[in-house]
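Secondary and tertiary structure notes
Single-letter residue listing:
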Amino acid sequence: MKRILITGGAGFIGSNFVRHMLAAHPDYEIINLDALTYAGNLENLQDISKNPHYAFVKGDITDGGAVNAVISQGVEAIVNFAAESHVDRSIEDPSIFVKTNVLGTQVLLDEARKNGVKKYLQVSTDEVYGALGPEGLFSETTPLAPNSPYSASKTGADLLVRAYHETYGLNVNITRCSNNYGPYHFPEKLIPLVITNVLEGKEIPVYGDGLQIRDWLHVADHCRAIDLVLHESRSGEVYNIGGNNERTNIHIVKTILQELGKPESLIKYVKDRPGHDRRYAIDATKIRTELGWQPEYTFETGIRDTVKWYLENKAWWQNVKSGDYIKYYEKMYGNR
Ligand code: NAD
């Protein structure tokens, strides 16, 4: 496997994955196809932009011509990160989620099939399983029951990936990961929002009672898992990825405040989001036993590293938090 197409490689996880692949497989060529939406940022990749094994192509995954122009150069595998990824935005306007996440995936699958691509890996999410009660874990056989337009569109994409395997025999995999955090995380998501708001002396908006539970994984551990699935997995299989780090949202907020030595009085409870899933938790036994994956970060070491990264990379997030982001933030949380 030599030339890999990574779609959505200018986003949070995609940019970490591009960097991981160039370091872990120095003989590979990596092509990053990204439409550069509000979430795509080439500054995430500035350090590797001149690497001769890396190429960036601006293009939309829903545009078959643009996708074909890249794949027909002889791509051996596709890893699809490109998506609209923010639940709140999907509640505001679901249509772009269906277009990018469902139609975009179908276009990629079709071009993969027509051009003889050897492996297609779909990066999906645990949100396709819906919400859990206080007990239990999502396994790969948990029924799909998405609750938001975002997770419904990701589920639609997963089902198309499955269908291309069953119908056309395309060599596919789906990975379903829990919530990621780490460097280059767009500050509309909980952890970077909290860190950057604290550093700016702003209030921290917390939805509802803050007792929603998420299972957190450092992005570097997610990238290593995807690399393993890409190279070692069985065709057609789904792999859950998670680090057994169940934490309430309010616990996350308080941990970051402690880490930065700031008071809890910065917390501001705001109206809960509609259809807010109460708890997600992943059973990652399959990838651990079949592929020997295990996370290197604990939640505590991962959060500490992440806070440090945001402290050391102020210019990056201050840039991201200017312009259109301000309008979005004020619409969601008011002028705080
Ligand atoms: P992100 O929003 O940071 O990045 C998405 C990237 O896709 C951006 O660079 C954007 O420009 C690009 N993109 C959007 N529409 C496109 C289009 N039509 N054509 C080409 N590029 C397009 O997202 P992320 O948090 O890095 O998530 C990446 C993937 O991982 C998504 O598929 C998401 O569903 C999945 N995922 C994310 C998490 C998480 O915690 N962030 C957890 C599990 C799974």
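All figures in this text were calculated on a predicted structure; none of them were measured in a lab. (Residues numbered from 1 in each chain as written. Predicted model: local features only at pLDDT ≥ 70, side-chain atom pairs only at ≥ 80, totals over all residues. Heavy atoms only, no water.)

1. Notes on the domain arrangement of the chain
Domains assigned within the chain are domain 1 (3–180 + 216–241) and domain 2 (186–214 + 246–277 + 299–327). The C-alpha centroid of domain 2 is placed 25 Å from the C-alpha centroid of domain 1. Facing 18 residues of domain 1, the contacting portion of domain 2 comprises 20 residues. Between domain 1 and domain 2, roughly 1,600 Å² of surface is buried when both sides are summed, and carbon and sulfur atoms account for 51% of that area. (Domains from an automatic or database assignment. Contact = heavy atoms within 4.5 Å. Buried area = accessible area lost by both parts, 1.4 Å probe.)

2. Digging into the sheet that holds strand β3 (residues 54–58)
Read from one edge of the open sheet, seven strands run β3-β2-β1-β4-β5-β6-β10, paired in parallel fashion. Pairing within the sheet leaves two strands with one partner each, and these edge strands are β3 and β10 (238–241). Across the sheet, the mean angle from the axis of one strand to that of its neighbour is 20 degrees, orientation sign disregarded. Across four bridges, strand β1 (residues 3–7) lies against strand β4 (residues 77–80) in parallel orientation. Residue threonine 7 lies in a different strand from β4, and its bridge partner there is asparagine 80. Most of the contacts of helix α5 (residues 149–168) go to strand β5 (residues 119–125), to which it runs at about 155 degrees, and overall it touches β5 and β6 (172–177). (Pairing = 2+ DSSP bridges. Helix = DSSP H or I, 4+ residues; strand = E, 2+ residues; numbered from the N terminus. Axes fitted to C-alpha atoms, helices over the stretch in contact; angles between N-to-C directions.)

3. Side note on the packing of aromatic side chains
Applying the stated criterion across every chain, the model contains 13 aromatic pairs. Taking 4.9 Å as the distance between ring centres and 50 degrees as the angle between the ring planes, the aromatic pair formed by tyrosine 164 and tyrosine 168 counts as tilted. Here tyrosine 164 and its partner tyrosine 168 are both found in helix α5, four residues apart, which amounts to about one turn of the helix. Assessed through its relative accessible area of 7%, tyrosine 164 is described here as buried. Exposure remark for tyrosine 168: the relative accessible area of 44% places this residue in the partly exposed category. Between tyrosine 181 and phenylalanine 299 the ring centres are 5.9 Å apart and the planes differ by 65 degrees, which places this aromatic pair in the edge-to-face class. (Phe/Tyr/Trp six-rings, centres within 6.5 Å; stacked < 30°, edge-to-face > 60°. Buried < 20%, exposed > 50% of the residue type's maximum accessible area, 1.4 Å probe, protein only.)

4. Some words on the site of the ligand
By nearness alone, 28 residues border the ligand, and Ile13, Asp34, Ser85, Tyr150 and Lys154 come closest of all. The separation between an oxygen atom of the ligand and a polar side-chain atom of serine 85 is 2.7 Å. Between an oxygen atom of the ligand and a side-chain N or O atom of lysine 154, the distance comes to 2.6 Å. Mapped by element, the contributors of at least two residues to the shell around the ligand are α1 (12–24), β5, α5 and β7 (179–181). Sorting elements by how many residues they give to the shell around the ligand places β5 first, with three residues. (Near = heavy atom within 4 Å. Polar contact = N/O pair within 3.5 Å; in protein donor to acceptor, adjacent residues only side chain to side chain.)

5. Some words on the pattern of salt bridges
As a working rule, side chains carrying opposite charge can pair if their charged atoms are close by. What the rule picks out here adds up to 22 salt bridges. Between lysine 2 and aspartate 27 there is a salt bridge whose closest N-O contact spans 3.3 Å. Placement of lysine 2 in the segment before β1 and of aspartate 27 in the loop between α1 and β2 (29–34) is noted, with a sequence separation of 25 residues between them. The partly exposed category is assigned to lysine 2, whose relative accessible area is 45%. A relative accessible area of 42% means that aspartate 27 is categorised as partly exposed. Bridged by salt links that share partners, the residues Arg234, Glu237, Lys286 and Glu290 form one connected network. (Salt bridge = Lys/Arg side-chain N within 4 Å of Asp/Glu carboxyl O.)

6. A closer look at the pairing of β10
Where burial is concerned, the two faces of β10 agree: the one with Val238 and Asn240 and the one with Tyr239 and Ile241 are both buried. As paired elements, β6 and β10 share four bridges and run parallel to each other. Looking at β10, one finds that arginine 176 is bridged to asparagine 240.

7. Considerations on helix α4 (residues 95–114)
Two residues of an α-helix separated by three or four positions point the same way, owing to the 3.6 residues in each turn. In this model, α4 (20 residues) spans 27 Å end to end at C-alpha, consistent with the 28 Å of a helix rising 1.5 Å per residue. The axis of α4 is deflected most strongly, by about 25 degrees, at glycine 104. For α4, the complete set of buried residues consists of Phe97, Thr100, Asn101, Gly104, Thr105, Val107, Leu108, Leu109, Asp110, Glu111 and Ala112. Buried residues along α4 sit against β1, α2 (64–71), β4, α3 (87–92), β5 and α5. Remark: glycine 116 follows α4 within two positions and exhibits a positive phi of approximately 65 degrees. (Expected span 1.5 Å × (residues − 1). Bend = angle between axes of the 7 residues up to and from the residue.)

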